[in-house]
Protein chains: 2
Amino acid sequence: MTQSIKVGIVGYGNLGRGVVQALRQNKDMELVAIFTRREPEQMKGEAGDNLRFEHISTVEQFKGSIDVMILCGGSATDLPEQTPFIASMFNTVDSFDTHAKIPEFFESVHAAAKKADTLSVISTGWDPGLFSLNRLLSEAILPEGKEYTFWGKGVSQGHSDAIRRVPGVKAGVQYTVPVESVINRIRSGETPELQTREKHLRQCFVVAEEGANRDEITQTIVNMPNYFADYDTTVTFITEEELKTQHHGMPHGGFVIRSGVTGEGTKQIIEFGLKLESNPEFTASVLVAYARAAYRLKKDGLSGAKTVFDIPLGYLSPKSADELRKELL
Amino acid sequence: MTQSIKVGIVGYGNLGRGVVQALRQNKDMELVAIFTRREPEQMKGEAGDNLRFEHISTVEQFKGSIDVMILCGGSATDLPEQTPFIASMFNTVDSFDTHAKIPEFFESVHAAAKKADTLSVISTGWDPGLFSLNRLLSEAILPEGKEYTFWGKGVSQGHSDAIRRVPGVKAGVQYTVPVESVINRIRSGETPELQTREKHLRQCFVVAEEGANRDEITQTIVNMPNYFADYDTTVTFITEEELKTQHHGMPHGGFVIRSGVTGEGTKQIIEFGLKLESNPEFTASVLVAYARAAYRLKKDGLSGAKTVFDIPLGYLSPKSADELRKELL
């Protein structure tokens with residue numbers, strides 16, 4: 001190993017904490033500082049270890065001493081502003097995941113990074129990210145076929161928030177659950193046309209306020225448009241204690257399956273799956289691998305916005321091309 | 001679509017036939033000719049459609065009129081000579097799959113291609129190839145973890161040949177079968193140390209010659225060193241008719257599973273799997289997608305030998321970068 005890659009983190013929620021942990025597993029990388037909108041001194045107290053926190057307003061002073069910034073803000077409001085701003089000074093990696101807005105986000109980041117001669121890898125993580133890679137790969141290899149993406153079993157933050165807004169609900173969590181029997185049909189070669197309802201179930205675990213009408217809560221949830229009305233939804237009432245002990249994790253995962261044909265109707269199936277005990281820790285690990293790629297692409301003289309589609313996978317590994325051919329090909 | 005990619009095929013066995021079929025699914029590519037060591041006129045008779053066959057000795061005359069040659073010879077003796085030879089005139093793609101000899105093969109092809117200013121993608125297919133990509137990807141994302149590759153259920157050509165060399169055996173086929181119960185342990189988070197015998201079974205279906213000693217055949221097979229002695233092997237005697245009707249396909253497949261940890265022992269599992277009714281047709285489809293990539297890399301001004309690790313996945317798809325970001329990210 002020659003020189004370590006100097007990394008900064010912007011934002012210290014679940015994802016930022018995951019990045020701190022992931023960096024410890026990668027000996028060729030070094031964490032310089034974590035940038036936050038909150039009071040750096042207070043953060044230090046909370047985090048309780050030797051991390052260096054800096055206020056986001058000081059970020060410009062770190063130009064030249066940080067190779068890549070890993071952006072850990074949310075896609076709704078943080079990243080659309082943060083990525084172009086940070087890309088005007090640093091190479092960046094983010095996990096922008098609002099699928100419909102990716103083209104627009106790409107253009108805005110690309111303009112900022114091109115102007116500053118920096119390199120930004122956008123929309124990494126697992127969906128978009130690893131799932132996207134597999135959708136592309138399997139479509140390119142099996143152009144005649146049908147593709148399915150299933151998510152879960154996992155916690156959906158948006159749906160959990162929706163439950164908590166229902167009157168009478170004190171707390172709650174929602175799991176998206178793929179329908180196993182349908183996946184098995186696809187794995188055995190069927191290519192069904194599927195309605196929303198047939199692909200996923202939604203399981204809600206709800207802590208009701210004292211005296212709340214549980215039937216009313218249940219009806220409000222299962223009939224909620226956009227979130228639950230199109231799905232088979234179950235609502236289970238639990239205690240606050242049960243919520244804390246049995247539902248504190250952030251598991252997730254899913255599958256991308258392509259069922260294609262070659263020749264005269266020969267069936268060929270490609271499947272990629274994830275089973276994650278912690279969604280943010282895994283997403284953080286993907287961000288860190290792509291931070292290595294961002295650093296190297298910049299070293300190669302490239303600039304502008306890139307996606308997972310533009311990057312040779314060899315750039316993700318700390319191993320040399322020789323080692324990769326010898327050990328992993 | 002602007003101009004189609006002009007493709008040649010070298011070798012017309014199962015793989016070459018698969019490439020002809022795969023090209024028909026890719027509208028941006030056009031088959032110019034198939035090169036063979038056999039008599040072109042006779043091939044035309046056998047193939048029975050509008051394919052153009054040429055003797056391999058005429059290949060040089062096609063310089064300038066073929067963009068990429070897809071090499072469909074075997075790894076044992078054909079490709080080590082064929083790839084450097086063809087790479088001295090054309091861009092190439094092959095599926096060289098002798099894992100231990102890949103570094104040496106790479107050097108030899110790289111030298112030839114660099115000298116001729118052509119580009120060669122070596123060792124594509126699914127293992128090496130797609131499985132290699134997934135080994136790299138999951139190791140880069142989960143550096144602390146354990147990885148397993150399982151093959152099958154599928155026909156192993158080498159093991160089938162070994163059976164056929166046993167005295168008293170008229171014909172036969174061997175299936176490599178992954179041990180499902182072990183895969184399920186890994187999927188549920190265990191990371192066992194596995195002996196060869198615990199990962200795969202070997203199922204042999206044998207047609208015996210009349211009057212042959214079946215017990216002797218069975219003992220010879222199950223005790224054969226390198227091939228069967230380290231495995232739990234079953235031998236089932238069948239009729240020639242059964243062999244033809246029930247064992248004529250060339251199915252294969254398998255899984256690459258990485259079980260890793262992030263943070264404080266959080267389990268994360270990445271799995272990639274293939275279920276193929278035809279191994280050669282699928283391998284051919286991978287070759288064709290990488291032929292597109294070879295053509296484009298050369299257009300970008302690159303030359304020399306490349307592997308799947310060096311190539312952005314976007315190069316495999318006929319879609320533009322804009323379309324990919326919009327539709328697949």
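The structure reproduced in this document is the subject of the present report.

Cut-offs used in this document
Position labels on residues start from 1 in each chain and follow its written sequence. Working convention: letters from A go to chains and numbers from 1 go to ligands, in the order in which they are written. Only residues with pLDDT of at least 70 get local features here, since the model is predicted, and only at 80 or more are side-chain atom pairs given and counted; chain-wide, interface and lining totals rely on the full set of residues. Water and hydrogen atoms were dropped before computing side-chain values, which therefore reflect all heavy atoms in the structure. Only buried Ala, Val, Leu, Ile, Met, Phe, Trp, Tyr and Cys residues count toward a nonpolar core, and they belong to the same one when joined by side-chain atoms within 4.5 Å. Residue burial is assigned from relative accessible area. The probe radius is 1.4 Å, only protein chains are included, and a residue is buried under 20% of its type maximum, exposed over 50%, and partly exposed in between. Here a residue-residue contact requires only that any non-hydrogen atoms of the pair lie within 4.5 Å. Counting from the N terminus, the helices are DSSP H or I runs at least four residues long and the strands are E runs at least two residues long. Think of it this way: a Phe, Tyr or Trp ring, Trp meaning its six-membered ring, pairs with another when their centres are within 6.5 Å, and the plane angle makes it stacked under 30 degrees, edge-to-face over 60, tilted otherwise. Consider the ring centre and the ring normal. A charge sits over the ring if Lys NZ or Arg CZ is within 6 Å of that centre and within 35 degrees of that normal. Axis lines are fitted to C-alpha atoms, over the contacting stretch for helices. Their N-to-C directions set the angle, which ranges from 0 to 180 degrees. Roughly parallel covers angles under 35 degrees, roughly antiparallel covers those over 145, roughly perpendicular covers 65 to 115, and oblique covers all other angles. Under the scheme applied here, ten amino acids are nonpolar (Ala, Val, Leu, Ile, Met, Phe, Trp, Tyr, Cys and Pro), four are charged (Asp, Glu, Lys and Arg), and all others, including Gly, are polar. When a carboxyl oxygen of Asp or Glu lies within 4 Å of a side-chain nitrogen of Lys or Arg, that pair is called a salt bridge. At least two bridges found by DSSP between two strands is the condition for calling them paired. Once two parts are brought into contact, the accessible area they lose, counted with a 1.4 Å probe and summed over both, makes up the buried area. Whenever two N or O atoms come within 3.5 Å, that pair is a polar contact, provided that in protein one can donate a hydrogen and the other can accept it, and provided that, for residues adjacent in sequence, both atoms are side-chain atoms.

### Here we look at the nonpolar core
Then comes step 1: Counting residues in each nonpolar core, the largest one holds 150 residues, and the members touching the most others are A:Phe282, A:Tyr290, B:Phe282 and B:Tyr290.
Then comes step 2: Beyond its immediate chain neighbours, meaning those up to four positions away, A:Phe282 contacts A:Trp126, A:Leu130, A:Leu274, A:Leu276, B:Ile141, B:Leu142, B:Gln268 and B:Ile270.

### Section: helix H3 (residues 78-87) of chain B
All names here are of chain B.
Then comes step 1: With 7 of its 10 residues buried, H3 lies for the most part within the structure.
Then comes step 2: Every buried residue of H3 is listed here: Asp 78, Leu 79, Gln 82, Thr 83, Pro 84, Ile 86 and Ala 87.
Then comes step 3: The secondary structure elements touched by the buried residues of H3 are strand S1 (5-10), strand S4 (68-71), strand S5 (91-93), helix H4 (102-116) and strand S6 (119-121).

### A word on the packing of aromatic side chains
Then comes step 1: Scanning the entire structure with this criterion turns up 13 aromatic pairs over all chains.
Then comes step 2: Between A:Phe131 and A:Phe272 the ring centres are 6.1 Å apart and the planes differ by 85°, which places this aromatic pair in the edge-to-face class. One end of the pair, A:Phe131, is in helix H5 (residues 130-141); the other, A:Phe272, is in strand S13 (residues 266-276), with 141 residues separating them in the sequence. Residue A:Phe131 shares its accessibility class with A:Phe272, and that shared class is buried.
Then comes step 3: Ring geometry for B:Trp126 against B:Phe131: centres 5.3 Å apart, planes inclined by 75°, an arrangement best described as edge-to-face. There is no split in this pair, since B:Trp126 and B:Phe131 are both buried.
Then comes step 4: Taken together, the aromatic side chains of A:Trp126, A:Phe131 and A:Phe272 make up a single cluster linked through ring pairs.
Then comes step 5: The ring of A:Tyr12 has A:Arg17 sitting right over it, with the charged end atom 5.5 Å from the ring centre.
Then comes step 6: Of note, B:Arg202 hangs over the ring of B:Tyr231, and the distance from its end group to the ring centre comes to 4.1 Å.

### A word on unusual backbone geometry
Residue and element names in this part refer to chain A.
Then comes step 1: A cis geometry characterises the amide bond from Asp 127 onward to Pro 128, with omega recorded as 5°.
Then comes step 2: In this model, Asp 117 sits at a positive phi of 55°, which is unusual for a non-glycine residue.
Then comes step 3: Residue position: Asp 117 is located in the loop between helix H4 (102-116) and strand S6 (119-121).
Then comes step 4: With a phi close to 55°, Ser 123 is a non-glycine residue in the positive phi region.
Then comes step 5: Among the secondary structure elements, Ser 123 is positioned in the loop between S6 and H5.
Then comes step 6: Residue classification places Ser 123 among the buried residues on the basis of a relative accessible area of 0%.

### So, the packing of H5(A) against helix H5 (residues 130-141) of chain B
Then comes step 1: Taken N-terminus to C-terminus, the directions of H5(A) and H5(B) make an angle of 175°; their axes are 13 Å apart at the nearest point. Here H5(A) is positioned roughly antiparallel relative to H5(B), judged by the angle of their axes. From H5(A), A:Leu130, A:Leu133, A:Leu137 and A:Ile141 reach across to H5(B), where they touch B:Leu130, B:Leu133, B:Leu137 and B:Ile141.
Then comes step 2: Of the residues in the contact of H5(A) with H5(B), the class split is 8 nonpolar, no polar and no charged.

### Quick notes on the side chain of B:Thr118
Then comes step 1: Inspection of the secondary structure puts B:Thr118 in the loop between H4 and S6.
Then comes step 2: Leave out the neighbours within four places in its chain, and B:Thr118 touches B:Ala87, B:Met89, B:Phe90, B:Asn91, B:Ala113, B:Lys298, B:Ser303 and B:Gly304.

### Considerations on the pattern of salt bridges
Then comes step 1: Throughout the structure, instances matching the rule amount to 32 salt bridges over all chains.
Then comes step 2: As a salt-bridge pair, A:Glu240 and A:Lys170 come within 3.2 Å of each other at their nearest N and O atoms. Of this pair, A:Glu240 sits in helix H10 (residues 240-246) while A:Lys170 sits in strand S9 (residues 169-178), and the two are 70 residues apart along the sequence.
Then comes step 3: For A:Glu240, a relative accessible area of 37% translates into the label partly exposed.
Then comes step 4: Assessed through its relative accessible area of 48%, A:Lys170 is described here as partly exposed.
Then comes step 5: Between B:Lys298 and B:Asp117 there is a salt bridge, with the nearest N and O atoms lying 3.9 Å from each other. Here B:Lys298, found in helix H11 (residues 279-299), pairs with B:Asp117, found in the loop between H4 and S6; they are 181 residues apart in sequence, far enough to count as distant.
Then comes step 6: Residues joined by salt bridges that share partners form a network here, namely A:Glu139, B:Lys319 and B:Glu327.

### Here's the deal with the sheet that holds strand S2 (residues 29-36) of chain B
Residues and elements named next belong to chain B.
Then comes step 1: Strand order in the open sheet formed by 7 strands is S3-S2-S1-S4-S5-S6-S14, with parallel pairing between adjacent strands. Since the sheet does not close on itself, it has two edges, and those belong to strand S3 (53-55) and strand S14 (304-306), each with one partner. Going across the sheet, the axis of each strand differs from the next one's by a mean of 25°, ignoring polarity.
Then comes step 2: Sitting on the sheet, helix H2 (residues 40-47) is in contact with S2 and S3, with an inclination near 155° to S3.
Then comes step 3: Lying over the sheet, H4 contacts S6 and S14, oriented at roughly 135° with respect to S14.

### Things to note about the environment of B:Met250
Then comes step 1: Of note, B:Met250 is situated in the loop between helix H10 (240-246) and strand S12 (252-262).
Then comes step 2: The class for B:Met250 is partly exposed, based on a relative accessible area of 26%.

### Concerning the interface of chain B and chain A
Then comes step 1: Facing the 64 residues of chain B at the interface are 64 residues of chain A.
Then comes step 2: Interface area lost by chain B to chain A is led by B:Gln25, B:Arg325 and B:Leu329, which between them contribute 14%.
Then comes step 3: Along the contact surface separating chain B from chain A lie 2 salt bridges.
Then comes step 4: The salt bridge partner of B:Lys319 is A:Glu139, with a shortest N-O separation of 2.9 Å.
Then comes step 5: The tally of links between chain B and chain A comes to 31 residue pairs in polar contact (both at pLDDT 80 or more).
Then comes step 6: When contributions to the side of chain B that touches chain A are tallied by element, the ones reaching two or more residues are H4, H5, S12, strand S13 (266-276), H11 and helix H12 (321-327) of chain B.
Then comes step 7: Element by element, the count of residues in the side of chain B that touches chain A is highest for S13(B), at 11 residues.
Then comes step 8: Across the side of chain B that touches chain A, the residue classes tally to 30 nonpolar, 19 polar and 15 charged.

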